[in-house]
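The lines below spell out each chain.
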2 protein chains.
Amino acid sequence: MSIIRKIFTNSRSQEDGIFFTDIQKILGFKPNNLECYRRAFTHRSSNKLDSDGNQINYERLEFLGDAMLSSVIAAHLFNQVPSGDEGYLTKMRSKIVSREHLNELGRDLNLIRFIESKVPAQHFGENIHGNIFEALVGAIYLDKGYMYCEKFIKKRVILPYVDIAKLEGKVISYKSLLIEWCQKEKRTFHYDVFEDNGIDGQRFFGVKLSIDQKVVAKARATSKKKAEEKASQRAYFAFQEKINTK
Amino acid sequence: MSIIRKIFTNSRSQEDGIFFTDIQKILGFKPNNLECYRRAFTHRSSNKLDSDGNQINYERLEFLGDAMLSSVIAAHLFNQVPSGDEGYLTKMRSKIVSREHLNELGRDLNLIRFIESKVPAQHFGENIHGNIFEALVGAIYLDKGYMYCEKFIKKRVILPYVDIAKLEGKVISYKSLLIEWCQKEKRTFHYDVFEDNGIDGQRFFGVKLSIDQKVVAKARATSKKKAEEKASQRAYFAFQEKINTK
């Protein structure tokens, strides 16, 4: 009996261990209560209930995460754009937390691999990616509080994606900016594109951007153009940082 | 010269001292940077600019405060109503942060007495009360961070106003509940109504509710009925607490 329990406990903790490591990698810090994160990836079709008969799925966490995203982004924009009035700040925030953008964020982290559901993944609509991204933010709030929520959103949303010039439409394409820069600096560049399929059957495009034969940025998106643009933006900011710290 | 400076400094710090005390009373804790709170009450008609030429008024703080209110209320509802789904939580939050409710909150604290403006107070629309309440929440975030924002919202919004039974329409009137209770407990009750005028010329009604000839609750609102209801609710909760701690 004790052997059976031991085997059960071991396989259970091994599974938890893998999930813990995966989540920690995504968060950038240690989770405390894994249950919060399991809930963030539990689809309503699982029909799970807690001991009081309340449904366990990610939908309530989505509500919580949406609120936390809104306030962290609001505070960031407030501090970053002191010249922006209320209307400007509202518009910028809407762009950042748009359905499309949230779907992109969830897809990039491939969160759908964690989903627990009784319906097959290809039956989910496109919005599942954004929904579970929001739920993940809600889970972080529940597990670790507002400050960690802020930390995660800075790392996963603001730093790689929130580019005020681009949101304002001042920068049309980072690919063209990067090409321009390479020509000016007499550097060679190369975009290496490959295709892959996500767990839900969605076609993805991966891009490796090399400058002077060295890979400087990678990106993954639902179109070749988007993936190239994303890789260019990452490379552009990485170079900018280098130039600034010289 | 030094005497003039001394007089000036004294009168300045005296004015700051009064504002500090007033704000501290409203917040329930010490403010750090009074400038944040001054800005929360600065109307755009003041035409104030900072050293970079950016406008100083409460409108940007309103955006920030609105976001903080939304997330604190979201977290409260999430924890308080484990059976409520996403739709329920969204609906309840909308009721709590409705324009009408925010105006009531601002009016109750008489925030308009702090306003700095070049147009007379009676020219402001009704929404100014809610707008500066939101701006005050934004100022708290800026001055003291999210946790103090949460503390303030719990004290000033959730504790006195957020009554889930009432929001769900399960309780129609606290006045009738209270009268019922008084009759059952064989206690006498009396509503003493008086009128007063706010700084902006708005007519207010004050109510003192006495039970067994002792004032047990006070309230102030824009109609007699509202003030009576509010006083009844306060008395009802005060008695409930007494009964529970017996």
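What counts, and at which threshold
- Residues numbered from 1 in each chain as written.
- Chains lettered and ligands numbered in written order.
- Predicted model: local features only at pLDDT ≥ 70, side-chain atom pairs only at ≥ 80, totals over all residues.
- Heavy atoms only, no water.
- Pairing = 2+ DSSP bridges.
- Helix = DSSP H or I, 4+ residues; strand = E, 2+ residues; numbered from the N terminus.
- Axes fitted to C-alpha atoms, helices over the stretch in contact; angles between N-to-C directions.
- Least-squares fit on C-alpha atoms with pLDDT ≥ 70 in both.
- Contact = heavy atoms within 4.5 Å.
- Buried area = accessible area lost by both parts, 1.4 Å probe.
- Salt bridge = Lys/Arg side-chain N within 4 Å of Asp/Glu carboxyl O.
- Polar contact = N/O pair within 3.5 Å; in protein donor to acceptor, adjacent residues only side chain to side chain.
- Nonpolar A, V, L, I, M, F, W, Y, C, P; charged D, E, K, R; others polar.
- Phe/Tyr/Trp six-rings, centres within 6.5 Å; stacked < 30°, edge-to-face > 60°.
- Buried < 20%, exposed > 50% of the residue type's maximum accessible area, 1.4 Å probe, protein only.

## Things to note about the sheet that holds strand 4 (residues 203–211) of chain B
Pairing between sheet strands relies on hydrogen bonds along the backbone, with the strands arranged either parallel or antiparallel.
Residue and element names in this part refer to chain B.
Then step 1. Read from one edge of the open sheet, three strands run 3-4-5, paired in antiparallel fashion. Of all strands in the sheet, those bounded by a partner on one side alone are strand 3 (189–197) and strand 5 (214–221). Shown here is a sheet whose adjacent strand axes are inclined to one another by a mean of 20°, direction ignored.
Then step 2. Direction of pairing for strand 3 relative to strand 4: antiparallel, over a ladder of nine bridges. Residue pairing in the sheet places Phe189 in a bridge with Ile211 of strand 4.

## Quick word on the relation of the copies chain A and chain B
Then step 1. Each copy of the sequence occupies a distinct position, and chain A is placed on chain B by a rotation of 180° and an axial shift of 0.0 Å, giving an RMSD of 0.1 Å. What we have between these two chains is a two-fold relation. Across chain A, the smallest distance between a C-alpha and the rotation axis is recorded for A:Ser71, namely 3.3 Å.

## Some points on the interface of chain A and chain B
Then step 1. Listed per partner, the contact involves 29 residues of chain A and 29 residues of chain B.
Then step 2. Note on chain A versus chain B: buried area summed over both sides is about 2,600 Å², and carbon and sulfur give 64% of it.
Then step 3. Of all residues in chain A, A:Arg60, A:Phe63 and A:Phe78 bury the most surface against chain B, accounting for 34% of the area lost on that side.
Then step 4. Between chain A and chain B we count zero salt bridges in total.
Then step 5. Our count for the contact surface shared by chain A and chain B stands at seven residue pairs in polar contact (both at pLDDT 80 or more).
Then step 6. For the side of chain A that touches chain B, the elements supplying multiple residues, two or more each, are helix 3 (59–80), helix 4 (86–96), helix 6 (128–144) and helix 7 (146–161) of chain A.
Then step 7. Per element, the largest residue contribution to the side of chain A that touches chain B is 15 residues, and it comes from helix 3 of chain A.
Then step 8. In terms of residue class, the side of chain A that touches chain B is made up of 14 nonpolar, seven polar and eight charged.

## Some words on the sheet that holds strand 5 (residues 214–221) of chain A
All names here are of chain A.
Then step 1. The three strands are arranged 3-4-5 in an open sheet whose pairing can be described as antiparallel. Here the strands that pair on one side only, and so sit at the sheet edges, are strand 3 (189–197) and strand 5. The mean inter-strand angle of the sheet, taken between neighbouring strand axes irrespective of direction, is 20°.
Then step 2. Where strand 4 (residues 203–211) meets strand 5, seven bridges bridge the pair, whose relative direction is antiparallel. If you follow Val207 over to strand 5, its bridge partner there is Ala219.

## Describing the packing of aromatic side chains
Then step 1. Summed over all chains, the structure comprises 15 aromatic pairs over all chains.
Then step 2. Between A:Phe29 and A:Tyr148, the ring centres sit 4.8 Å apart and the planes meet at 70°, which makes this aromatic pair edge-to-face. Here A:Phe29 is found in the loop between helix 1 (2–27) and helix 2 (34–40), whereas its partner A:Tyr148 is found in helix 7, with 119 residues between them in sequence.
Then step 3. For A:Phe29, a relative accessible area of 7% gives the class buried.
Then step 4. Relative accessible area serves as the criterion here: at 29%, A:Tyr148 is assigned to the partly exposed category.
Then step 5. With a centroid separation of 3.5 Å and an interplanar angle of 0°, the aromatic rings of A:Tyr146 and B:Tyr146 are classed as stacked. With A:Tyr146 in helix 7 and B:Tyr146 in helix 7 (residues 146–161), the pair connects residues from two separate chains. For the pair shown, A:Tyr146 and B:Tyr146 are each scored as buried.

## Some thoughts on unusual backbone geometry
Peptide bonds are mostly trans, and most non-glycine residues show a negative phi.
All names here are of chain B.
Then step 1. Despite not being glycine, Asn110 has its phi angle at roughly 50°, a positive value.
Then step 2. Residue placement: Asn110 occurs in the loop between helix 5 (99–108) and helix 6 (128–144).
Then step 3. In this model, Gln213 sits at a positive phi of 60°, which is unusual for a non-glycine residue.
Then step 4. Residue placement: Gln213 occurs in the loop between strand 4 and strand 5.

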